[in-house]
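Breakdown of the fold
Here are the chains, one letter per residue:
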Amino acid sequence: MDHMEIERKYKIEHLPEDYASWPSTQMEQAYLCTAPVVRVRRDGDEYYLTYKSGGLLARAEYNLPLTAEAYEHLRDKADGIRITKRRYRIPIEKTALTIELDIFEGVYEGLMLAEVEFPSLEEANAFVPPAWFGEDVTLSGKYQNSRLSQKLQTDL
């Protein structure tokens, strides 16, 4: 499945009180290439190979399902830091949008990011984030998982 991914990303400093009540999955991802982005991801019991074109706010994305064995084989060939996190999926009231709240583990323990994916650039640009969202880091690129995987970022 392929589509244009349009998303905004925010750094989170303080979690909402009820975040743990929402559905979540354990995720692990590793990068085979970062320009363009080619990654493998385990999301709960599902496995994917993903290609993403360049870009920050909008970019092409293609996902290919993998078996657990294929995922593990490719993961072991990846370079850099393996990203591990728990992702909470929080619906935004009165919209069809969902907040993907990532609470990182491992070397990035303490880092928290929220992403919201949009059907159009207009909706992305008009989005008013919830009060608990911190800095909008969409256009910095600093918090892209592919960049986090390459060299330990200590200034987050």
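Residues numbered from 1 in each chain as written. Predicted model: local features only at pLDDT ≥ 70, side-chain atom pairs only at ≥ 80, totals over all residues. Heavy atoms only, no water.

Some details on the overall build of the protein
Each helix and strand in the protein was counted, giving three helices and eight strands. For the protein, whose C-alpha radius of gyration is 15 Å, the value lies close to the compact-globule estimate of 15 Å for 156 residues. Dimensions of the protein along its principal axes, counting C-alpha atoms only, are 40 × 30 × 30 Å. Counting contacts in the protein only where the partners sit at least 6 residues apart, residues at least 24 apart contribute 59% of the total. Counting only carbon and sulfur atoms, one obtains 53% of the accessible surface of the protein, whose full area is about 8,400 Å². Across the protein, 19 positive and 27 negative side-chain charges occur, with their mean positions spaced 4 Å apart. (Helix = DSSP H or I, 4+ residues; strand = E, 2+ residues; numbered from the N terminus. Rg over C-alpha atoms; globule rule 2.2 N^0.38 Å. Contact = heavy atoms within 4.5 Å. Areas by Shrake-Rupley, 256 points an atom, 1.4 Å probe, with all protein chains shown as cover. Lys, Arg positive; Asp, Glu negative; His and termini not counted. Charge placed at Lys NZ, Arg CZ, Asp CG, Glu CD.)

Looking at the packing of aromatic side chains
Using the criterion set out here, one finds eight aromatic pairs in the structure. The interplanar angle of 40° and the centroid separation of 5.6 Å between the aromatic rings of Y51 and Y62 together place this pair among those described as tilted. Residue Y51 is found in strand β4 (residues 46-52), and its partner Y62 is found in strand β5 (residues 58-66); the two are separated by 11 residues along the sequence. An angle of 55° between the planes, with centres 6.5 Å apart, marks the rings of F127 and F133 as tilted. Per residue, the accessibility class of F127 equals that of F133, and both read buried. Each residue in the set Y10, F118, F127, W132 and F133 is aromatic and connected to the rest through ring pairs, giving one cluster. (Phe/Tyr/Trp six-rings, centres within 6.5 Å; stacked < 30°, edge-to-face > 60°. Buried < 20%, exposed > 50% of the residue type's maximum accessible area, 1.4 Å probe, protein only.)

Overview of the nonpolar core
Core analysis: the biggest nonpolar cluster contains 18 residues, and I12, I99, L101, V116, F118, F127 and F133 have the highest contact counts within it. Every residue in contact with F118, bar those within four places of it in the chain, is listed here: I6, E7, R8, L97, E123, A124 and F127. Core analysis: the second largest hydrophobic core is formed by 11 residues, V37, I81, V137 and L148 among them. (Core = buried A, V, L, I, M, F, W, Y, C linked by side-chain atoms within 4.5 Å.)

Overview of the environment of K142
By secondary structure assignment, the location of K142 is in the loop between α2 (121-126) and α3 (145-148). Among the residues examined, K142 registers a relative accessible area of 25% and is labelled partly exposed. In this structure, K142 is in contact with R147, L148, D155 and L156, ignoring residues within four places of it in sequence. In terms of polar contacts, K142 uses its side chain to reach the backbone carbonyl oxygen of D155, at 3.1 Å. (Polar contact = N/O pair within 3.5 Å; in protein donor to acceptor, adjacent residues only side chain to side chain.)

Looking at the pairing of β5
Here β4 runs beside β5; their pairing, made up of six bridges, is antiparallel. Within the sheet, the bridge partner assigned to L49 lies in β5 and is L64. Linkage of β4 to β5, two consecutive antiparallel strands, is achieved through a turn of five residues, within which G55 is found at a positive phi near 130°. (Pairing = 2+ DSSP bridges.)

Some thoughts on the pattern of salt bridges
Following the criterion strictly, the structure yields 16 salt bridges and no others. Among the salt bridges present, the one from R75 reaches D76, with a minimum N-O distance of 3.3 Å. A salt bridge links D102 to K85, with the nearest nitrogen and oxygen atoms 3.1 Å apart. One end of the pair, D102, is in strand β7 (residues 98-104); the other, K85, is in strand β6 (residues 79-91), and 17 residues separate them in sequence. We note that D102, like K85, is buried. Within this structure, K9, K85, R87, E100, D102 and E115 form a network of salt bridges that share partners. (Salt bridge = Lys/Arg side-chain N within 4 Å of Asp/Glu carboxyl O.)

Some words on the pairing of strand β8 (residues 112-117)
With five of its six residues buried, β8 lies for the most part within the structure. Relative to β8, β7 is paired through five bridges, and the arrangement is antiparallel. When the bridges of β8 are listed, I103 appears paired with M112.

Nothing here speaks to function; it is geometry throughout.
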